[in-house]
Amino acid sequence: MFGLIGHSTSFIDARRKALELGYDHIAEGDLDVWCSAPPQLVEHVEVKNPSGKIIQGAYIDSCFVPEMLGRFKTARRKVLNAMELAQKKGINITALGGFTSIIFENFNLLQHQHVRRTTLEWERFTTGNTHTAWVICRQLEINAPKLGIALNKAKVAVVGATGDIGSAVCRWLSARTGVAELLLVARQQEPLVELQKELKGGKIHTLEEALPEADVIVWVASMPRTLEIDSKKLRNPCLMIDGGYPKNLDTKLSGSGVHVLKGGIVEFFADIGWSMMELAEMDKPQREMFACFAEAMLLEFENCHTNFSWGRNNITLEKMDFIGEASIRNGFSTLNLKSQLQAAAA
Ligand code: NDP
């Protein structure tokens, strides 16, 4: 069985969904009530791949909302409790979705293997970041040429280059895609210099320097809500792959030359009878999902019960190859510009 641990995008959303699901007592509570609410297994699902293999899955809502990010102990407890629930339900491999993998890493939850009487078995969990990184790279390779951007002449800025996903994207783009130039953007200099050494290339840029130069911009950092981008200063055409969470770049940008694509999203070949992706505001909620969630499904389809994506900056090209091949074999494709434009027209 595979599992997905997720959360609502805001407190308001979470309350609305709790009402829909019949959890009235929690729905009416304030943020303090939500802070003490336990995780809920809200949905079971069955998924069949193109060759007819059927797997079972479950969605666990951690009852975390982004408004709790500042409450360190609460955020930590929410993630650990959801993981404990997944393990107690006997789920083989569970993806840590949304902010939960970031909380796990940034709050160093590896030190908290014991949750009440349960010892968490790390091999039952994955961040899903390998699949997310592979999907973002394929989205770039497929969609930039559609806009007339020749990758061997293109400058690609990776915002969040030193992160787990960003560093994997940089590795792939420099070794496999062969883009003309990589512009590496993050706030701390030391990891940027380390990455540059590892890649044997790439230019370290500030965001302000990178934006006007880049033909393609890959966002793999959660950017502040207050960030303003002047689309007139961007290149025309410019492909923006919004791989961060929440995905809000399309609300910040307009202009005929700028094309924003939701990054790290895949589409399954058939409808899945679930409601969980409606919560995540997917255009086709029966088929589309975050690539990190899909990674748990892939590992279950492939009988690969291990913490495939784990820790920071461990994603290798070989792992990306493995998960990419599994993705195609099991009926997933990447979200592309054409399908986004069709959805907008419908
Ligand atoms: P990490 O914490 O490993 O990396 C974050 C990166 O962003 C670092 O390089 C960090 O470097 C940089 N960064 C953070 N803030 C800024 C800023 N204001 N300006 C420039 N750079 C910044 O995160 P992950 O790689 O695990 O995840 C990256 C993003 O992808 C997150 O937003 C996450 O939610 C999202 N994600 C999306 C998925 C999907 O859509 N399918 C799945 C999983 C994650 P520094 O601190 O030095 O600035």
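Residues numbered from 1 in each chain as written. Predicted model: local features only at pLDDT ≥ 70, side-chain atom pairs only at ≥ 80, totals over all residues. Heavy atoms only, no water.

Caption draft 1: Geometry of the domain arrangement of the chain. One can read the domain layout of the chain as domain 1 (2–126) and domain 2 (130–265 + 335–345). Placing a centre on the C-alpha atoms of domain 1 and another on those of domain 2 gives a separation of 29 Å. (Domains from an automatic or database assignment.)

Caption draft 2: Spotlight on the pairing of strand β11 (residues 216–219). Here β11 shows no split at all, with V216 and V218 on one side and I217 and W219 on the other all buried. Across four bridges, the pairing between strand β8 (residues 155–159) and β11 is parallel. Paired with V159 across the bridge in β11 is W219. Note: β11 against strand β12 (residues 238–242), four bridges, orientation parallel. Within the sheet, the bridge partner assigned to V218 lies in β12 and is I241. (Buried < 20%, exposed > 50% of the residue type's maximum accessible area, 1.4 Å probe, protein only. Helix = DSSP H or I, 4+ residues; strand = E, 2+ residues; numbered from the N terminus. Pairing = 2+ DSSP bridges.)

Caption draft 3: Region of interest: empty space enclosed by the protein. Enumeration according to the criterion identifies three cavities of 30 Å³ or more in this entry. Of the pockets and cavities examined, the largest cavity occupies roughly 140 Å³. Lining the largest cavity are 13 residues, with A18, L21, W34, D61 and C63 positioned closest to its centre. When contributions to the lining of the largest cavity are tallied by element, the ones reaching two or more residues are α1 (11–20) and β2 (40–48). The residue makeup of the lining of the largest cavity, split by class, is nine nonpolar, two polar and two charged. As a volume, the second largest cavity reaches approximately 60 Å³. Among the residues forming the lining of the second largest cavity, the class breakdown is six nonpolar, three polar and one charged. (1 Å grid on protein atoms, 1.4 Å probe; cavity = no way out; pocket = protein on both sides within 12 Å on 5 of 7 lines; lining within 4 Å. Points joined across faces, edges and corners; volume = space filled by probe spheres on them. Nonpolar A, V, L, I, M, F, W, Y, C, P; charged D, E, K, R; others polar.)

Caption draft 4: Representation of the side chain of D13 within the structure. Relative to the helices and strands, D13 resides in helix α1. By relative accessible area, D13 is classed as buried at 9%. In this view, D13 contacts S8 and E281; residues no more than four positions away in its chain are not counted. (Contact = heavy atoms within 4.5 Å.)

Caption draft 5: Spatial organisation of the sheet that holds β2. Spatial strand order, β2-β3-β1-β4-β7: five strands in an open sheet with mixed pairing. Edge positions in the sheet fall to β2 and β7 (125–126), since each has one partner strand and no second. Bridging between strand β4 (residues 93–96) and β7 involves two bridges; their strand directions are parallel. Note that in β7 the partner of T94 across the bridge is F125. Strands β1 (2–6), β2, β3 (54–61), β4 and β7 of the sheet are contacted by helix α11 (residues 291–301), whose axis makes an angle of about 165° with β1. (Axes fitted to C-alpha atoms, helices over the stretch in contact; angles between N-to-C directions.)

Caption draft 6: Focus on the site of the ligand. Around the ligand, the surrounding shell holds 26 residues, and the nearest of these are T162, R187, S222, K247 and R312. The separation between an oxygen atom of the ligand and a polar main-chain atom of D164 is 2.9 Å. At a separation of 3.0 Å, a nitrogen atom of the ligand approaches a polar backbone atom of G264. A total of 920 Å² of accessible area belongs to the ligand in isolation, and the protein chains cover 89% of it. Sorting the residues of the shell around the ligand by element identifies α6 (129–146), α7 (164–177) and α11 as the ones contributing at least two each. (Near = heavy atom within 4 Å. Polar contact = N/O pair within 3.5 Å; in protein donor to acceptor, adjacent residues only side chain to side chain. Areas by Shrake-Rupley, 256 points an atom, 1.4 Å probe, with all protein chains shown as cover.)

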